[in-house]
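Overview (structure and organization)
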Amino acid sequence: MHTLWKVCPQTLSTTSMVTPCGFSPHLHSSGEQGGLIFQDGNLSSASLDALIQHLIPTTDYYPEKAYIFTFLLSSRLFIEPQELLARVCHQCIEQQRLDEPVLDKARVRKFGPKLLQLLAEWTETFPYDFQEEKMVGHLKDMIRRIAPCDEAYWKRMNQLLQALNQKLATLSHGQEGLVKINATVSDKLVSFKTKPPPSIQRDILSVCSDPYTLAQQLTHVELERLSHIGPEEFVQAFVHKDSLDSTKSCFSDQNKTNNLEAYVKWFNRLCYLVATEICMPAKKKQRAQVIEFFIDVARECFNIGNFNSLMAIISGMNMSPVSRLKKTWSKVKTAKFFILEHQMDPTGNFYNYRTALRGAAHRSLTAHSNREKIVIPFFSLLIKDIYFLNEGCANRLPNGHVNFEKFLELAKQVGEFITWKQVECPFEQDPNITHYLHTAPIFTEDEF
């Protein structure tokens, strides 16, 4: 069995508003405008104060959606969301004179809708920021100040808070489900030093014998888990990091990267599940049958656009306990497997995979159905791309300005991911299969 590489297990070490590609907040050529430095029509750098000011709406100005996303995503490298919102609110109060006994109603009526729009976009795209009561308190304080000019502002704010609470409740419910699943998995990690009798040991083929169905269910699991990852987690994961291969250093604040970490664990579990399922049968013919089954599942994942499950399956089959089964592999029709391996070959910085990913992304953009919109990237490589972008470019320039060019590229990569993760899974869930995927006992690395 020819083994190209080994990527398992992984470690992380090193809405409509998400459209940062080709972003240019204003069509300036080059030069400075209000403390913002433009180059070739794009905002390239500025002081943090200038960037905050550029975020704040006025009676006749509203920042572009792409700028809002880019700045809210990257600003947490320099300032906590709570402090940022406090500063935004303070400057709004000063600039719009909202602390005066008598307000200029005409002025506030021009400013109010823009403020509400900014807050709506913030809560919609970064809902996890508002889990802290102080953040919601800032929202309510601002509405209390402008509501005397238009009672409709209270209604708008109530709608905003209801949508926020609903989104947070949905995310929380999903997280609780993952916690229960992970707890069940822990209970199921029984020792396999002595294999269970075949009479009581279930296997994947007894649960699902159709490769296309299993690929669909894997896609369902992937999209469900991806839906809980907030864009801010990509930035939080690399604050104060030290090493590409240290999960602990990568997840500098694990409370803020739980979903990201859980997704990596899912990839690793799938790798080990594939290897376990192949190694469990006692006879070579049965092992070969399981290998061919997973090759077909991997091919269906590729066709669907589920590259993360595809890579996990290939990685599982490339683990040494599987690759060393020479007599078993001699009974396998490996042509299809080598084609899939070629697609995910790391040569040329995963050139073949990146080409396939671009094709899937293009299909998604022109799709008429959710089935054609599915793009699930190889997550470890996405994380490494973002990591190297972060490592390769300074956050600040020598003059102290924020390197906004860097964060435009970060927003482009994260924004594309957010678009993909919002696709609604078109495949009906089979609870029996997904439960098995999450809870079936697997060998640990020491037990192979």
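Everything below is about the structure shown above.
Here the residue index of a chain counts from 1 through its sequence in written order. The predicted origin of the model limits local features to residues at a pLDDT of at least 70 and limits the giving and counting of side-chain atom pairs to 80 or more, whereas totals for whole chains, interfaces and linings rest on all residues. With hydrogens and water excluded, all non-hydrogen atoms of the structure serve as input to the side-chain values.

Moving on, we get to the overall build of the protein chain. In this description a helix means any DSSP run of H or I spanning at least four residues, a strand means any run of E spanning at least two, and both kinds are numbered starting from the N terminus. Counting its regular elements, the protein chain contains 21 helices and four strands. Only protein chains enter the accessibility calculation, which uses a 1.4 Å probe. A residue is then buried if its area is under 20% of the maximum for its type, exposed if over 50%, and partly exposed in between. Buried positions account for 53% of the 448 residues belonging to the protein chain. On the protein chain, roughly 20,500 Å² of surface is accessible, and the fraction owed to carbon and sulfur atoms is 50%. The protein chains shown are the only cover counted for residues, whose accessible areas, like all others here, come from Shrake-Rupley with a 1.4 Å probe.

Take the packing of helix 2 (residues 65-74) against helix 20 (residues 404-421) next. The convention used is that axes are lines fitted to C-alpha atoms, helices contributing only their stretch in contact, and that angles between N-to-C directions extend from 0 to 180 degrees. In the contact formed by helix 2 and helix 20, the axes pass within 9 Å of each other and the chain directions differ by 100°. Overall, the two elements helix 2 and helix 20 adopt an arrangement that is roughly perpendicular. When helix 2 is examined against helix 20, the residues Tyr67, Phe69, Thr70, Phe71, Leu73 and Ser74 are found in contact with a partner set consisting of Phe404, Phe407, Leu408, Leu410, Ala411, Val414, Gly415 and Ile418. Per-class residue counts for the contact of helix 2 with helix 20 are eleven nonpolar, three polar and no charged. Between 65 and 115 degrees an angle is taken as roughly perpendicular, under 35 as roughly parallel, over 145 as roughly antiparallel, and anywhere else as oblique. Any two residues whose heavy atoms approach within 4.5 Å at even a single point are treated as in contact. Residues are sorted three ways: Asp, Glu, Lys and Arg are charged, Ala, Val, Leu, Ile, Met, Phe, Trp, Tyr, Cys and Pro are nonpolar, and all the rest, Gly among them, are polar.

With 14 residues, helix 19 (residues 379-392) extends 20 Å between its outermost C-alpha atoms, agreeing within 8% with the 20 Å of an ideal straight helix rising 1.5 Å per residue. Among all positions in helix 19, only Phe379, Ser380, Leu381, Leu382, Ile383, Ile386, Tyr387, Leu389 and Asn390 are buried. Where helix 19 is buried, its residues meet helix 9 (232-236), helix 11 (258-279), helix 13 (307-318), helix 17 (347-365) and helix 20. One less than the residue count of a helix, multiplied by 1.5 Å, gives the span that helix is expected to have.

This paragraph deals with the packing of helix 2 against helix 4 (residues 105-125). Any two packed helices are characterised by how steeply their axes cross, that is the angle between the axes, and by the distance between the axes. Their axes nearest at 11 Å, the elements helix 2 and helix 4 cross at an angle of 50°. Comparing their axes, helix 4 and helix 2 come out oblique. Handedness of the crossing formed by helix 2 with helix 4: right-handed. In this structure, helix 2 uses Lys65, Ile68, Phe69 and Leu72 to contact helix 4, whose residues at the interface are Gln117, Leu118, Glu121, Trp122 and Thr125. In terms of residue class, the contact of helix 2 with helix 4 is made up of five nonpolar, two polar and two charged. Should the near helix be turned anticlockwise from the far one by less than a right angle, the crossing is left-handed, and should it be turned clockwise, the crossing is right-handed.

Another point: the sheet that holds strand 1 (residues 31-33). One bridge is not enough; two strands pair if DSSP finds at least two bridges between them. A sheet is described by the order of its strands in space; here four strands give the open sequence 1-2-3-4, paired in antiparallel fashion. With partners counted over all chains shown, the strands left at the sheet margins are strand 1 and strand 4 (402-403), one partner each. Pairing of strand 1 with strand 2 (residues 36-39), which is carried by three bridges, proceeds in the antiparallel orientation. Counterpart to glycine 31 in the pairing with strand 2 is phenylalanine 38.

A word on the nonpolar core. Throughout, nonpolar core names a set of buried Ala, Val, Leu, Ile, Met, Phe, Trp, Tyr and Cys residues whose side chains join them through atoms within 4.5 Å. One finds Leu214, Phe234, Phe294, Met317 and Phe379 to be the most contacted residues of the largest nonpolar core, which totals 135 residues. Throughout the structure description, domain borders are defined by an automatic or database domain assignment. Three or more residues apiece are contributed to this core by two domains, here domain 1 (34-166) and domain 2 (204-239 + 256-375 + 423-439).

Positionally, serine 309 belongs in helix 13. Take serine 309: its relative accessible area is 0%, and that puts it in the buried class. Setting aside residues no more than four positions away along its own chain, serine 309 makes contact with Leu218, Glu222, Leu270 and Cys301.

It is worth spelling out helix 13 at this point. The terminal C-alpha atoms of helix 13 lie 16 Å apart, and with twelve residues this matches the ideal 16 Å at 1.5 Å per residue to within 8%. The buried fraction of helix 13 amounts to twelve of the twelve residues, a majority that puts the element mostly inside the structure. Inspection of helix 13 places Phe307, Asn308, Ser309, Leu310, Met311, Ala312, Ile313, Ile314, Ser315, Gly316, Met317 and Asn318 among the buried residues, and these make up the whole buried set.

Note that glutamate 428 resides in the loop between helix 20 and helix 21 (431-439). Residue glutamate 428 is classed as exposed on the basis of its relative accessible area of 72%. What glutamate 428 contacts, discounting residues up to four positions off in sequence, is Gln217 and His220.

What follows is about a positive patch on the surface. Positive charge collects at one region of the surface, where Lys283, Lys284, Lys285, Lys327 and Lys331 lie side by side. Here lysine 327 is to be found in helix 15 (residues 326-329). Take lysine 327: its relative accessible area is 61%, and that puts it in the exposed class. Here a patch means residues that are over 30% exposed by relative accessible area and free of salt bridges, tied together within 9 Å if like-charged and within 5 Å if nonpolar (Val, Leu, Ile, Met, Phe, Trp, Tyr). Here, a salt bridge means any Lys or Arg side-chain nitrogen found within 4 Å of an Asp or Glu carboxyl oxygen. A positive count includes Lys and Arg, and a negative count includes Asp and Glu. His and the chain ends are not counted in either. Lys charges are placed at NZ, Arg charges at CZ, Asp charges at CG and Glu charges at CD.

It is worth spelling out the pattern of salt bridges at this point. As enumerated under the stated definition, the model contains seven salt bridges in all. Here aspartate 49 ties to arginine 87 by a salt bridge, and the two come within 2.5 Å at their closest N and O atoms. Of this pair, aspartate 49 sits in helix 1 (residues 48-55) while arginine 87 sits in helix 3 (residues 81-95), placing them 38 residues apart in sequence. Aspartate 49 gets classed as partly exposed once you look at its relative accessible area, which sits at 48%. The partly exposed category is assigned to arginine 87, whose relative accessible area is 26%.

Of note, arginine 97 is a non-glycine position whose phi angle comes to about 55°, a positive value. Among the secondary structure elements, arginine 97 is positioned in the loop between helix 3 and helix 4. For arginine 97, a relative accessible area of 48% puts it in the partly exposed group. Positive phi is not limited to glycine here, since asparagine 349 has a value of about 55°. Inspection of the secondary structure puts asparagine 349 in helix 17.

Among the structural elements, glutamine 236 can be located in helix 9. Along the primary structure glutamine 236 and leucine 77 are separated by 159 residues, whereas in three dimensions their C-alpha atoms are 7.8 Å apart.

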